[in-house]
Amino acid sequence: MSQDSQPSTTTVASSDDAATIEPIPLWGSELFIATLAEHSLIASHLISHIYRHHAQHKTAVASEVAVGAKQHLFESELDFLDSDDLDVQVLNQALSSLVLDIAAYVNEGHWPEDASAEATITESWYHLTQTGGYHDAHSHPNCSWCGIYYLDAGDTDFDRRSGVNRFYDPRVNADHFLDAGSLYLNGQGIYDIQPVAGQVVIFPSYLKHSALPYFGSKDRVVVAFNARVDFV
């Protein structure tokens, strides 16, 4: 299918036999959750590697990015997955493959025929979040896809919304008026994800998200990343 192909449509049943209603799907935002097959093999080493790295730092936000939006957490520099450590490189390759699979799926019908592409993780970092820690709402520039890999979910509690990741509806004012006709818009305007060790959340870079305040005796440990996809 060529890049300028129109989206597929179906006909909506109408109570008026003379009317033909054709839906046009617009501006959807898809978010993906995957279970990392390599998690059981690499998680323990990665966590030890992260704590050794953390012990060498005194500043709370080594990346020096949006320092005021982060409290009671440590954020590494933005090159974590560039390490020569073998398990880090296994993780880099696994996450890159996930991004490429997702990019190929959502771009079906938009990439040229016989196109070949590759995904590259351009920035990566880890968070060690202690009790009371959070990361305010934000999005990620200079990339097309982002991800969060849950190494250790700590004591996150979905019912109390402790340590969950929250995503925000990008359709400005989609919920400005709610009645029976707009229930399909999911008027809450948010989507919360329960962190689960071994899972990866991958989402488009424009999608605003946050890590809600976390309360627990264990650290919440995640690896986050930005990626771009290019034709080769």
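Residues numbered from 1 in each chain as written. Predicted model: local features only at pLDDT ≥ 70, side-chain atom pairs only at ≥ 80, totals over all residues. Heavy atoms only, no water.

(A) Spotlight on the pairing of strand β5 (residues 165-168). Both β5 and strand β6 (residues 190-193) contribute to a ladder of four bridges, which runs antiparallel. Within the sheet, the bridge partner assigned to F167 lies in β6 and is Y191. Both β5 and strand β8 (residues 209-214) contribute to a ladder of three bridges, which runs antiparallel. From the neighbouring strand, F167 faces β8, where its bridge partner is H209. (Pairing = 2+ DSSP bridges. Helix = DSSP H or I, 4+ residues; strand = E, 2+ residues; numbered from the N terminus.)

(B) Broad picture of helix α2 (residues 86-106). Its 21 residues give α2 an end-to-end C-alpha distance of 31 Å, which sits within 8% of 30 Å, the value for a rise of 1.5 Å per residue. Every buried residue belonging to α2 is among D87, V88, L91, N92, A94, L95, S96, L98, V99, I102 and A103, and all of these are buried. Contacts from the buried residues of α2 go to β1 (32-35), α1 (39-54), β3 (117-138), β4 (145-152), β7 (199-204) and β9 (220-231). Taking the backbone nitrogen of D87 as reference, a side-chain oxygen 3.1 Å away marks D85 as the first, capping residue of α2. (Expected span 1.5 Å × (residues − 1). Buried < 20%, exposed > 50% of the residue type's maximum accessible area, 1.4 Å probe, protein only. Contact = heavy atoms within 4.5 Å. Polar contact = N/O pair within 3.5 Å; in protein donor to acceptor, adjacent residues only side chain to side chain.)

(C) Representation of the confidence of the model for the protein chain within the structure. For the protein chain, mean pLDDT is 92; residues scoring 70 or higher make up 92% of the total. Predicted confidence is poor over residues 1-7, with pLDDT under 50, and the contacts of this stretch with residues over four places away or in other chains come to nine contacts. (pLDDT = per-residue confidence, 0-100.)

(D) Structural context of the packing of α1 against α2. In the contact formed by α1 and α2, the axes pass within 9 Å of each other and the chain directions differ by 115°. By crossing handedness, the relation of α1 to α2 is classed as left-handed. On the side of α1, the interface is formed by I42, H45, L46 and H49, while α2 contributes D87, V88, V90 and L91. When its residues are assigned to classes, the contact of α1 with α2 shows five nonpolar, two polar and one charged. (Axes fitted to C-alpha atoms, helices over the stretch in contact; angles between N-to-C directions. Left-handed = near helix turned anticlockwise from the far one by under 90°. Nonpolar A, V, L, I, M, F, W, Y, C, P; charged D, E, K, R; others polar.)

(E) Examining the side chain of H127 more closely. Relative to the helices and strands, H127 resides in strand β3. Separated by 2.6 Å, the side chains of H127 and E75 make a polar contact. Look past the residues within four positions of H127 in its chain and what remains in contact with it is L73, F74, E75, H135, R220, V221 and V222.

(F) Up close: empty space enclosed by the protein. This model, assessed by the stated rule, comprises one cavity of 30 Å³ or more. Of the voids in this model, the largest cavity is the one considered here, and its volume is about 130 Å³. If you go around the largest cavity, you meet 14 residues; those closest to its centre are H127, H135, I148, N165 and A224. Among the secondary structure elements, those contributing two or more residues to the lining of the largest cavity are β3, β4, β8 and β9. No other element matches β3, which puts four residues into the lining of the largest cavity. (1 Å grid on protein atoms, 1.4 Å probe; cavity = no way out; pocket = protein on both sides within 12 Å on 5 of 7 lines; lining within 4 Å. Points joined across faces, edges and corners; volume = space filled by probe spheres on them.)

(G) Structural detail: a nonpolar patch on the surface. Together, I24, L26 and W27 give the surface a local cluster of nonpolar side chains, amounting to about 410 Å² of exposed area. Assignment of secondary structure puts W27 in the segment before β1. (Patch = residues over 30% accessible without salt bridge, like charges linked within 9 Å, V, L, I, M, F, W, Y side chains within 5 Å. Areas by Shrake-Rupley, 256 points an atom, 1.4 Å probe, with all protein chains shown as cover. Salt bridge = Lys/Arg side-chain N within 4 Å of Asp/Glu carboxyl O.)

(H) Here's a closer look at the layout of surface pockets. Within this model, the second largest pocket holds a volume of roughly 330 Å³. Lining of the second largest pocket is provided by 17 residues; of these, S29, D169, P170, N186 and Y191 occupy positions nearest its centre. The set of elements that each furnish at least two residues to the lining of the second largest pocket consists of β5 and β6. Looking at the lining of the second largest pocket residue by residue, the classes come out as ten nonpolar, four polar and three charged.

(I) Spatial organisation of the pattern of salt bridges. This structure, assessed with the given rule, holds seven salt bridges. The residue K70 makes a salt bridge to E75 at a minimum N-O spacing of 2.7 Å. Take K70 and E75: they sit in the same class, and that class is buried. Between D169 and R171 there is a salt bridge, with the nearest N and O atoms lying 2.6 Å from each other. A relative accessible area of 27% means that D169 is categorised as partly exposed. Connected through salt bridges with shared partners, the residues R161, R166 and D192 form a single ionic network.

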